[in-house]
Amino acid sequence: MGLLSDPNRRRALTNLLTRLNTPICVVCYLAGVAWFMGLAFEPFTLRTYMSENAMGSTMVEERFPSGERAVATGREFSAHKRKVGGMPVDWLVKTMQARGLEVYTQRFSRTLPFPDENKERYMVHGTNVYGILRAPRAPRTEALVLTAPCTEGNSNNQAVGLLLGLAQYFRNQVYWAKDIIFLVNEHDLIGMQAWLEGYHHTNITGMDWTPLQGRGGSIQAALSLELSSDVITSLDLVLEGLNGQLPNLDLANLFYAFCQKIDILCTIQGKLQRSDWDTPSGYTHAAQTMMLMVMKQASGRSWGDHGLFLRYHIEAATIKGVNSFRQYKTDATTIGRLLEGMFRKLNNLLERLHQSYFFYLMPSLSHFVSIGYYMPAFGLLAALDLWVHLGTLPPTEDGVAGEESDSSPSALSILTPVVISHMTGVALYSLPIRSQEMAVEHFPVSETEAVVLTAIAIYTAGLALPHNTHKFLAGEGTEKGWRVLKLVALLYLAVLLGCTALINFSLGFILALSMVPIAAFITPHVPKVLSATIMILLSPGFTLLYCVFVYQELQESPVSLAEGWMLFLSVISQGILDHSLYGSLVYPLLALFVYPCWLLFWNILFWK
């Protein structure tokens with residue numbers, strides 16, 4: 001304390017930080033990156049364990065015998081789907097009623113803000129069908145959900161067949177203490193969003209849907225089943241939900257425990273677990289798995305139907321059956337026993353899953369990185385680096401630190417670039433959808449192309465911001481003026497990255513990787529052309545482009561520059577659609593906050 005209370009010692013510490021400002025920033029940045037990459041090394045991670053006592057043991061006897069019958073039901077469902085050209089609602093209702101369930105339907109419709117060219121849809125109309133198995137040994141105040149989306153083609157027919165087979169088997173058991181809801185939803189996430197809004201009596205997306213006639217208890221947990229083929233070689237666990245939310249870690253632990261018990265090949269991010277963690281190839285494999293989770297979480301999109309449950313504080317995950325052409329095969333009976341075991345353990349819950357972690361990364365299914373391990377990496381990368389800059393003043397042209405200029409900056413000279421930067425962000429957020437009709441009338445483009453190209457045009461037009469803001473300044477900018485503006489920008493960036501990392505660590509970390517170097521070196525006295533080039537290459541738009549290529553490399557499916565550019569355009573359109581349809585916050589965050597913050601540093605570079 002004496003070091004900080006003594007003015008002479010405090011001044012000496014400030015001078016030391018001023019002299020060593022650049023080395024400290026570089027060391028902190030590199031240390032943060034090294035810390036984060038070291039988290040994939042198995043000795044630095046924690047082994048998964050079950051925290052919830054009610055699910056602490058897998059000692060239940062799974063007896064589901066009807067795998068072949070479920071496969072036959074799936075083929076019958078596929079035939080009826082081809083016959084009616086969509087989801088066979090009447091057949092599903094009769095089949096669920098024959099299995100002793102209370103069956104209800106829900107119609108919904110949604111007009112997209114612009115056509116979704118990936119799935120070729122604009123005006124969406126569909127029906128959800130769900131059956132409720134009432135708990136025979138409880139007051140029916142709690143429920144579990146098993147869902148299988150009805151998709152186009154034959155990609156998920158066996159999942160619906162297995163769901164109906166489990167419904168028939170569960171109906172004959174007497175130990176259920178919770179209602180079990182079997183849901184077949186149409187149009188993937190749109191149908192799931194309609195059902196969840198109807199179940200919880202909310203309408204947060206403006207979708208049209210009919211009220212639910214039947215309802216179970218408060219939903220405690222949910223599992224979504226997707227089988228990509230009739231032949232399943234492994235089961236992949238999908239955890240990433242809307243806006244980077246993750247389910248309680250105990251749900252992933254439960255899946256892994258039953259896979260080990262029943263001897264099912266299980267993966268996460270599509271990658272098998274390796275035991276040679278102490279070899280370079282083993283570490284690379286774990287790092288790729290962890291980085292894939294970071295990329296998916298940072299996208300803010302829901303990577304399965306389970307992702308929308310997390311918004312309602314319902315722990316959920318998606319189990320995907322994958323045909324990876326391995327020699328190992330898993331039949332429907334084995335998958336049914338896995339789901340039976342998981343539902344029986346979830347049936348034992350006395351309260352919601354809460355004892356394990358909600359913030360984590362997983363380099364494998366048997367190990368995880370908790371928030372206490374990965375947040376120091378972000379602290380070194382962003383917080384400490386920005387704190388050093390806030391505590392020191394960059395030198396003037398004369399080389400004297402902290403020397404005041406002749407005139408103090410006016411409030412207008414500081415507020416003008418801040419206001420115009422955010423007005424540009426508001427335009428980037430609101431104009432692409434609002435101006436699509438006008439763009440289609442004047443240019444030979446589709447509605448989707450009009451939205452994406454308008455967003456890119458507004459983003460690029462922001463580069464002219466310094467020329468516009470200086471027209472509003474009362475006189476030329478002063479030396480002290482850009483220092484005050486940089487102080488505001490640094491505080492803004494520190495708060496923005498800190499809040500983002502608390503909600504979605506992966507997104508905050510990726511933004512810090514690109515934004516912190518900009519904050520570190522930008523002044524009006526650096527070489528303009530070189531610095532402007534570096535700033536553009538580290539801008540949010542280019543960061544998104546880099547993430548597209550990195551994600552494809554991690555998926556071991558690299559793309560060419562042309563293919564990467566088309567994926568980049570698709571990512572922009574999907575980001576805007578996810579925000580409009582489901583409430584994803586990544587696009588408004590980038591448009592309204594991250595991009596204006598970057599524009600403040602761009603304005604500092606061209607300060608006159």
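Parameters and conventions
Think of each chain on its own: its residues are numbered from 1, step by step along the sequence as written. Reporting of local features is limited, given that this is a predicted model, to residues whose pLDDT is at least 70; pairs of side-chain atoms are given and counted only at 80 or more, and all residues count toward the totals for whole chains, interfaces and linings. Note: side-chain values were computed over all heavy atoms of the structure, leaving out hydrogens and water. UniProt positions are given in the numbering used here, feature names are shortened, and annotations may be inferred rather than shown by experiment. Numbering of helices and strands runs from the N terminus; a helix is a DSSP stretch of H or I covering at least four residues, while a strand is a stretch of E covering at least two. Expected helix span is given by 1.5 Å per residue-to-residue step, counting one fewer step than there are residues. We call two residues contacting when some pair of their heavy atoms lies within 4.5 Å. For each residue, the accessible area found with a 1.4 Å probe, counting protein chains only, is set against the maximum for its type, and the residue is called buried under 20%, exposed over 50%, and partly exposed in between. For our purposes a nonpolar core is just a set of buried Ala, Val, Leu, Ile, Met, Phe, Trp, Tyr and Cys residues, chained together by side-chain atoms within 4.5 Å. Residues enter patches when their relative accessible area tops 30% and they take part in no salt bridge; the joining distance is 9 Å for like charges and 5 Å for the nonpolar side chains Val, Leu, Ile, Met, Phe, Trp and Tyr. Computed with a 1.4 Å probe, the accessible areas rest on the Shrake-Rupley method; for each residue, only the protein chains presented here act as cover. Every case where a carboxyl oxygen of Asp or Glu lies within 4 Å of a side-chain nitrogen of Lys or Arg is listed as a salt bridge. The convention is simple: Lys and Arg are positive, Asp and Glu are negative, and His and the chain ends are not counted. Charge placement uses NZ in Lys and CZ in Arg. For Asp and Glu, CG and CD serve respectively. DSSP bridges decide pairing: two strands pair if at least two such bridges lie between them. Only C-alpha atoms enter the line fits that serve as axes; for helices the fit covers just the stretch in contact. Angles between N-to-C directions range over 0 to 180 degrees. Along the chain, pLDDT gives the predictor's confidence residue by residue, from 0 to 100. Throughout this description, any angle smaller than 35 degrees is read as roughly parallel, any larger than 145 degrees as roughly antiparallel, any in the 65 to 115 degree range as roughly perpendicular, and the remainder as oblique. The classification used treats Ala, Val, Leu, Ile, Met, Phe, Trp, Tyr, Cys and Pro as nonpolar, Asp, Glu, Lys and Arg as charged, and all other residues, Gly among them, as polar. Distance and chemistry together define a polar contact, namely a pair of N or O atoms within 3.5 Å, with one atom able to donate a hydrogen and the other to accept it when in protein, and with adjacent residues in sequence counting only for side-chain atoms on both sides.

The name recorded for the chain in an unreviewed UniProt entry is GPI-anchor transamidase component GPAA1, from Alosa alosa. As stated in UniProt under Subunit (unreviewed entry), the record for the chain gives "Heteropentamer. Part of the GPI-anchor transamidase complex, consisting of PIGK, PIGT, PIGS, PIGU and GAA1. Interacts with PIGK."

Now for the UniProt feature "transmembrane region" (unreviewed entry) in the chain. UniProt tags residues 20-41, 371-390, 410-429, 450-469, 489-522, 529-551 and 585-607 as "transmembrane region" (unreviewed entry). Secondary structure across residues 20-41 divides into 82% helix and 0% strand, with the first and last C-alpha atoms of the span separated by 32 Å. Helix and strand shares over residues 585-607 are 87% and 0% respectively, and the end C-alpha atoms of the span are 32 Å apart.

So, about helix 14 (residues 447-461). For helix 14, spanning 15 residues, the distance from its first C-alpha to its last is 21 Å, which sits close to the expected 21 Å at 1.5 Å a residue. Buried residues belonging to helix 14 abut strand 2 (102-116), helix 12 (411-434), helix 13 (436-442), helix 19 (540-554), helix 20 (561-582) and helix 21 (586-605).

This next bit is on the environment of Pro417. With respect to the helices, strands and loops of the structure, Pro417 is situated in helix 12. Overall, the relative accessible area of 1% leaves Pro417 in the buried class. In this structure the C-alpha to C-alpha distance between Pro417 and Thr73, which are 344 residues apart in sequence, comes to 64 Å.

This part takes up the nonpolar core. Phe36, Trp195, Phe255, Met362 and Phe601 are the most contacted members of the largest nonpolar core, which has 172 residues in total. Residue contacts for Met362: discarding those within four places in its chain leaves Thr48, Leu239, Leu249, Ala252, Ile268, Thr289, Met290, Met293, His367 and Phe368.

Together, Phe358, Phe359 and Ile371 make up an exposed nonpolar region whose accessible area comes to about 230 Å². With respect to the helices, strands and loops of the structure, Ile371 is situated in helix 11 (residues 371-391). Owing to a relative accessible area of 32%, Ile371 belongs among the partly exposed residues under this scheme.

Our next topic: a negative patch on the surface. A grouping of Glu117, Glu120, Glu152, Glu437, Glu441, Glu447 and Glu449 is seen on the molecular surface, where their side chains present a negatively charged patch. Listed by contribution, the elements that provide at least two residues to the negative patch are helix 13 and helix 14. Mapped onto the elements, Glu152 comes out in the loop between strand 4 (142-147) and helix 6 (157-171). Classification of Glu152 as exposed rests on a relative accessible area of 71%.

If you walk across this open sheet you meet the nine strands as 6-2-3-5-4-7-10-8-9, and the pairing is mixed. Because the sheet does not close on itself, it has two edges, and the strands there are strand 6 (208-209) and strand 9 (266-268). Both strand 4 and strand 5 (residues 179-184) contribute to a ladder of five bridges, which runs parallel. In the strand pairing of strand 5, Thr147 is matched with Leu183. On top of the sheet, helix 5 (residues 89-98) reaches strand 2, strand 3 (121-133) and strand 5; it is set at about 10° to strand 3, its chief contact.

When pLDDT is averaged across the chain, the result is 87; 91% of the residues are at 70 or more. Considering each helix and strand of the chain separately, the mean pLDDT is smallest for helix 1 (residues 2-5), with a value of 58, and largest for strand 5, with 96. Confidence drops under a pLDDT of 50 for residues 393-406, and excluding neighbours within four residues, the segment shows 21 contacts in the predicted structure.

Here the focus is the packing of helix 9 (residues 280-299) against helix 17 (residues 505-521). Between helix 9 and helix 17, the shortest axis-to-axis distance is 7 Å and the interhelical angle comes to 100°. Compared by their axis directions, helix 9 and helix 17 come out roughly perpendicular. Only Ser506, Leu507 and Ile510 of helix 17 make contact with helix 9, whose side of the interface consists of Val294, Met295, Gln297 and Ala298. Here the residues of the contact of helix 9 with helix 17 sort into five nonpolar, two polar and no charged.

Here we take up the side chain of Thr95. Topologically, Thr95 is positioned in helix 5. A distance of 2.7 Å separates a polar atom in the side chain of Thr95 from the backbone oxygen of Trp91.

In this section: helix 4 (residues 67-84). The first and last C-alpha atoms of helix 4 sit 26 Å apart over 18 residues, in line with the 26 Å expected at 1.5 Å per residue. In this structure, the buried side of helix 4 is in contact with helix 5, helix 6 and helix 10 (332-347). Taken from the residues just after helix 4, Gly85 is the one with a positive phi, measuring 75°.

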